[in-house]
Amino acid sequence: MKRHLISAADLSKDDALLVLDTAEELAQVSDRSIKKLPTLRGRTVVNLFYEDSTRTRISFEAAAKRLSADVINFSAKGSSVSKGESLKDTALTLEAMGADGVVIRHPASGAPHRLAGWVQGSVINAGDGTHEHPTQALLDAFTMRRRLGGLEGRKVTIVGDVLHSRVARSNVLLLDTLGADVTVVAPPTLVPVAVDTWPCRVSYDLDAVLPKSDVVMMLRVQHERMNASYFPTVREYSRRYGLDGDRMAQLPEHAIVMHPGPMNRGVEIAAEVADSVRSTIVEQVANGVSARMAVLYLLLGGSEPAIGKEVSGK
Amino acid sequence: MSTTYIIKGARILGGEPADIAIRDGGIAEVGTGLAAAGAQVVEADGLVALPGLVDLHTHLREPGREDAETVESGTRAAAMGGYTAVHAMANTDPVADTAGVVEQVWRLGREAGYCDVHPVGAVTRGIAGERLAELGAMADSAARVRVFSDDGHCVSDAVIMRRALEYVKAFDGVVAQHAQEPRLTEGAQMNEGEMSAALGMRGWPAVAEEAIIARDVLLAEHVGSRLHVCHVSTAGSVEIIRWAKSKGCQVTAEVTPHHLLLDDTRAGSYDPIFKVNPPLRTADDVTALRHALADGTIDCVATDHAPHPVEAKETEWAVAAMGMIGLETALAVVQEAMIETDLLDWAGVADRMSFAPARIGRLSGQGRPLEAGSPANITLYDPSPRRAVDPAAMTSKSRNTPFAGLELPGRVIATFLRGTPTVLEGKLQ
Amino acid sequence: MNAAQRPDDPAEARVADGDPRPKAVLEGPDIRRALTRIAHEILERTKGGHDVVLLGIQTRGVTLAERLAEALREVEGRPVPWGSLDVTMYRDDLRMKPARALGRTELPAAGIDDRVVVLVDDVLFSGRTVRAALDALNDLGRPRAVQLAVLVDRGHRELPIRADYVGKNLPTSMRETVKVLLAENDDRDAVLLGPKGDK
């Protein structure tokens, strides 16, 4: 049975640690002059992107290519997808091409789950709607572990549009699995109604949480939220929930500042924070390749996947 | 209509075995040891006899979406489910908002002959919620429309709703409201709660239904009109309806079979076979709905049978059509949810699935007691077998049943429409 | 790990052929002597070992490389750079088993370019691991020469590979397994020969 990585909840603690340990070894490859391993020679990885996301696509592409996989980029623009071909028909096309792994980015929550029921290969969720983005959470955890040495008991504060953020969902789940202590901070309008069922604390007051944080992760404010009365004005949002130099000064000495990108400088994060030594934003990009290499290797490298979850066919 | 049948040994509303003699489309006699020369005997040993079921809420899709269902295919499915009358919802293409369209649907039903088809008229033109449709013309037409609904859309404008409630009093009509506050449910995909938060889907909050029901019961009381609430789905709605009834408000309500059996954890599969409007709610809501149906707060079961072609469901959840078919599984689901749980007996099922909906729809020849003099609209049901629901075995043109693979009890053995079997020995006639 | 089941049984080394229990063909002192001899051979072959880098193949090869480095230091009185090499990603049998955890690859700070790299492994069998190690080295740099040191050569090569330094040549049948135990990884030093099969 094929296994997939669709939700951060698909990873047990052992799975998650295996991914992080593997990523740690694979990070060395990026420092070598020959940044390539033969591991996935002859394997085909399809990048199926229904949303523009150059950063995520090239990160997966670099990861697959460093493992010597054949990479096929299938983007919604300029393909039959934009002509209205259904996801199911696209899945059948991928089957005919013999894709061993499908990396999918899709605006609809649950699309990777549906796809997993229709294809033989392993599906990797590269962001689905407002659901999850598990490899982002893995690279974030990897970055935290490298900077802080470990995640057990670490206090991680995730700030911003938790309601619509796939990054927040995946991070809350994975960080809980790894033993971190997560607090989400947002205006009440941007917190899901049933957030009390999540394995995290909730706060509406950023200043109260910052002094106790080892990690602050700032989420991007999407433009479409700005005119939908989730908050009165961008200025007010920025004043109450943005991370500026003064707020950063409240953080403990060792604390780090993360952002999944792309940033709205001056909205959720001030330029002086984004460019400070606490900021891991550039590292996150490099670590993304290592974390995705680890996921690709563990799902596709052996006779059967070593991590992930099964999805029943339909 | 002169064929004479003797139904032998049926348990009428689950009572002691009795025989039913059918003559000239009516029930001639009910008793024991009945015999008649030349009559065809229907052995009904162990079967429950129910009055022919009446559905207040059926989407037959014709005219406009004959690829999903037609009046003929939908009424065949209805007969297989034990129904002798269905109310065909107005959201067809064109919309059933004129006498012409409702008469067409009514006539198609008559021609098919499997089940009475009572068209529901749209409340507003094009179900756009802005101007009243010609409600009187539809009421006066050959289709004699008494139930009006913009189902699929809420009559959200309070003034339009008030006018509609008032206007239909002239012909003893009822407005069946699809209670959904539109602004609170923009882009909504599923029940708002723990599951929607985990699955990252836009939530359809219970309050969006309850706020409209609260407003409408107050309006109905104010203008002294009949209000019917379609597909009640939340515990909060039940509370509001219970309160309104206690005040003497003329409100009736329906619940669908799927809301009696399934909850929102089904969405975890991301399979849009479980996507429906209003959405599947929580297990607590399911429990509240069952008890409300048992105590009469909710008057009846209505299927909201909503056929969709395969391609409308074999998609990502967000782009999939809402709705599920239900005519052929309704009685089985009600048995599972209400009889097996001892919440209702068969007399209660007869009330919630035949007497009450016929009363709400003001149907004279349906929902009559199984006694001499009544039209012979009879459903014979075997409650004993349990089997997995097989979508491929459906009579409906569509296959979008959320109960696929689920083991459910019971089987409709025969359906008589005014003395003529539409289903016999479990097979369509 | 059948070998570790009865580690303290003194009868182990004397069991007759056909006994399902593995027997120790080398004990701790034998291993120590073998490594000391290999250290001398390396110095002889590389004319003092000035450019030598020892790279142990994960997992027990790394332990042996560390011990060899220590033996070289004792003889020559100066440290010899050593590191570890994980060849998992280069193996030709990756797809025959589920993907497994990776070991550490750690090269000495000076790297391997223009050095004489001595690959160190515990058992030389089919030669496939060494083939993978050669491929890995190819991606890591350009040594002047590559040599191979193994504690046990059990024969049955499937590739044209031979060792430059061998602790013990051990003729085996394909129905036997050879297991090297090292105190750092296991609970003692020994080379065990046992029948294949029981897990």
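Criteria and cut-off values
Residues numbered from 1 in each chain as written. Chains lettered and ligands numbered in written order. Predicted model: local features only at pLDDT ≥ 70, side-chain atom pairs only at ≥ 80, totals over all residues. UniProt positions renumbered as here; feature names shortened; annotations may be inferred. Helix = DSSP H or I, 4+ residues; strand = E, 2+ residues; numbered from the N terminus. Rg over C-alpha atoms; globule rule 2.2 N^0.38 Å. Buried ≥ 20, exposed ≤ 12 C-beta atoms within 10 Å, placed from the backbone. Contact = placed C-beta atoms within 7 Å. Domains from an automatic or database assignment. Nonpolar A, V, L, I, M, F, W, Y, C, P; charged D, E, K, R; others polar. Core = buried A, V, L, I, M, F, W, Y, C linked by C-beta atoms within 7 Å. Pairing = 2+ DSSP bridges. Axes fitted to C-alpha atoms, helices over the stretch in contact; angles between N-to-C directions.

As recorded by an unreviewed UniProt entry, chain C carries the name Bifunctional protein PyrR and is attributed to Actinomadura macrotermitis. A UniProt comment under Catalytic activity (unreviewed entry) is attached to chain C, and it reads "UMP + diphosphate = 5-phospho-alpha-D-ribose 1-diphosphate + uracil".

As recorded in an unreviewed UniProt entry, chain B goes by the name Dihydroorotase, listed as coming from Actinomadura macrotermitis. The annotation that UniProt attaches to chain B under Sequence similarities (unreviewed entry) is "Belongs to the metallo-dependent hydrolases superfamily. DHOase family. Class I DHOase subfamily." The heading Catalytic activity (unreviewed entry) in the UniProt record of chain B holds the text "(S)-dihydroorotate + H2O = N-carbamoyl-L-aspartate + H(+)".

Visitor: Describe the overall build of chain B, listing the residues and the values that go with them.
Guide: A count of helices and strands for chain B gives eleven helices and 19 strands. The globule rule puts the C-alpha radius of gyration for 429 residues at 22 Å, and the 20 Å found for chain B is close to it. When the backbone C-alpha atoms are referred to their principal axes, chain B occupies close to 65 × 45 × 45 Å. Sorting the 429 residues of chain B into buried and exposed places 60% on the buried side. Contacts in chain B between residues at least 24 apart in sequence constitute 75% of all its contacts with a sequence separation of at least 6.

Visitor: Provide a residue-level description of the environment of arginine 201 of chain A, including the pertinent values.
Guide: Checked against the element boundaries, arginine 201 of chain A lands in strand 7 (residues 201–203). Each C-alpha atom, one on arginine 201 of chain A and one on arginine 105 of chain A, is 29 Å from the other, the two residues being 96 residues apart in sequence.

Visitor: Got a sec to walk through the domain arrangement of chain B? Specific residues and values, please.
Guide: Think of interface size as the accessible area that goes away when the parts come together; that is how it is often given. Residues and elements named next belong to chain B. One can read the domain layout of chain B as domain 1 (5–48 + 374–390 + 404–428) and domain 2 (52–360). Computed over C-alpha atoms only, the centres of domain 1 and domain 2 are separated by 28 Å. The partner domain 2 presents 21 residues to the 18 residues of domain 1 that form the contact. The biggest single contributor to the side of domain 1 that touches domain 2 is strand 17 (residues 407–417), with six residues. For the side of domain 1 that touches domain 2, the per-class residue count stands at twelve nonpolar, six polar and no charged.

Visitor: Got a sec to walk through the nonpolar core? Specific residues and values, please.
Guide: Considering soluble globular proteins, one finds that nonpolar side chains tend to be buried as a cluster. Among the nonpolar cores identified, the biggest contains 308 residues, and Val19 and Leu296 of chain A, Ala49 of chain B together with Leu54 and Leu68 of chain C are the most heavily contacted of them. The element contributing the most residues to this core is helix 12 (residues 281–300) of chain A, with ten residues. In contact with leucine 54 of chain C, other than residues within four places in its own chain, are Ala65, Leu68, Ala69, Val80, Trp82, Val118 and Val120 of chain C.

Visitor: Mind laying out the interface of chain A and chain B, listing which residues take part and the relevant values?
Guide: Taken together, the contact between chain A and chain B spans 22 residues of the former and 17 residues of the latter. Elements represented by at least two residues in the side of chain A that touches chain B include exactly helix 3 (87–97), helix 4 (111–116) and helix 6 (166–177) of chain A. In terms of residue count, helix 4 of chain A provides more of the side of chain A that touches chain B than any other element does, three residues in total. When its residues are assigned to classes, the side of chain A that touches chain B shows seven nonpolar, nine polar and six charged.

Visitor: Describe the sheet that holds strand 7 of chain A, naming the residues involved and giving the relevant values.
Guide: Strand pairing in a sheet relies on backbone hydrogen bonds. The paired strands run either parallel or antiparallel. Residues and elements named next belong to chain A. Strand order across the open sheet formed by five strands is 7-6-5-8-9, with parallel pairing between neighbours. Either end of the sheet is taken by a strand with one partner, and the two such strands are strand 7 and strand 9 (256–258). Across the sheet, the axes of successive neighbouring strands diverge by a mean angle of 20°, strand direction being ignored. Inspection of the sheet shows strand 5 (residues 155–159) paired to strand 8 (residues 215–218) by four bridges, in the parallel sense. Looking at the pairing, threonine 157 lines up with valine 216 of strand 8. Each of strand 5, strand 6 (181–185) and strand 8 touches helix 6; the most contacted strand, strand 6, lies at about 160° to it.

Visitor: Please provide a residue-by-residue account of the UniProt feature "binding site: substrate" (unreviewed entry) in chain B, values included.
Guide: All names here are of chain B. Mapped onto this structure's residue numbering, the UniProt feature "binding site: substrate" (unreviewed entry) falls at His59, Leu60, Arg61, Asn91, Asn277 and His308. Checked against the element boundaries, histidine 59 lands in the loop between strand 6 (53–58) and helix 1 (71–80). Ignoring any residue separated from it by four or fewer positions in sequence, one finds histidine 59 in contact with Met89, His305, Ala306 and Pro307. Residue placement: histidine 308 occurs in the loop between strand 15 (300–301) and helix 10 (330–339). Judged by the 25 C-beta atoms lying within 10 Å of it, histidine 308 is buried. Setting aside residues up to four positions removed in sequence, histidine 308 forms contacts with Ala68, Lys313, Ala321, Gly323, Ser398 and Asn400.

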